[in-house]
Amino acid sequence: MDQEQLIRQVMAEVLAKLDAGASSPAPAAGGRVTKEQYPLGEKSPHLIASATGKHLEDFTLDRVTSGALTAEDFRIAPQTLELQAQVAESTGRDSFARNLRRAAELTAVPDDRLLGVYNALRPYRSTKAELYAIADELSTKYGCTINAAFIKEAADVYEKRGRLRAE
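Residues numbered from 1 in each chain as written. Predicted model: local features only at pLDDT ≥ 70, side-chain atom pairs only at ≥ 80, totals over all residues. Heavy atoms only, no water.

K.L.:
Can you break down unusual backbone geometry residue by residue, with the values?
P.N.:
A cis amide bond links Tyr38 to the next residue, Pro39, at an omega of -5 degrees. Tracing the backbone through its elements, the reader meets Pro39 in the loop between helix H1 (3–20) and helix H2 (40–43). Non-glycine residue Tyr124 carries a positive phi angle of around 70 degrees. Relative to the elements of secondary structure, Tyr124 occurs in the loop between helix H6 (111–120) and helix H7 (128–142). (Helix = DSSP H or I, 4+ residues; strand = E, 2+ residues; numbered from the N terminus.)

K.L.:
Can you explain the packing of H6 against H7? Please cite residues and give values.
P.N.:
Contact geometry of H6 with H7 gives a least axis separation of 11 Å together with a crossing angle of 155 degrees. In terms of orientation, H6 lies roughly antiparallel with respect to H7. Between H6 and H7 the crossing geometry is left-handed. For the pair H6 and H7, contact is made by Arg113, Val117 and Ala120 and by Leu131, Ile134, Glu137, Leu138 and Tyr142, respectively. (Axes fitted to C-alpha atoms, helices over the stretch in contact; angles between N-to-C directions. Parallel < 35°, antiparallel > 145°, perpendicular 65-115°, else oblique. Left-handed = near helix turned anticlockwise from the far one by under 90°. Contact = heavy atoms within 4.5 Å.)

K.L.:
Would you mind going over the packing of aromatic side chains in detail, with residue names and values included?
P.N.:
Inspection of the entire model under this criterion finds 1 aromatic pair. Ring centres 4.9 Å apart and planes at 65 degrees place the aromatic pair Phe59 and Phe74 in the edge-to-face group. Placement of Phe59 in the loop between H2 and helix H3 (61–66) and of Phe74 in the loop between H3 and helix H4 (78–90) is noted, with a sequence separation of 15 residues between them. (Phe/Tyr/Trp six-rings, centres within 6.5 Å; stacked < 30°, edge-to-face > 60°.)

Read these as layout, nothing more, since geometry by itself doesn't imply function.
Rendered as structure tokens:
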């Protein structure tokens, strides 16, 4: 199967699921989604938008092949990750919900910076002060307060386990 056929097949499946989800259940009381709306793309597609504001119905084969959609249009929005976190919580998967919320925060961080943070978190790559500085940057520059606390906790654990780079 060539690339164009694969794109056509994927888009046909997405459009079929959109049609199947036309009568989607309303969000639960308080505006939160639950497992009853999952999968969101099938049962509540109107709630999903990309990071650039494109809605699920905007993703058509014609728009892909014409170049009207860019790679940026396919990036997930933090709001979509929050919806997924709410679904996870409704099934008792609180740890997974916390991971999704950390991911939602990180959508604000440029890819190259995120890769730098990842490398800095590897054992013996950073000092405690460097990790704390990264945490402060994430918190103040990008609003990533959950991740900042996570990195500070990692720095403290690395210190206890002797996994920090010597100064």
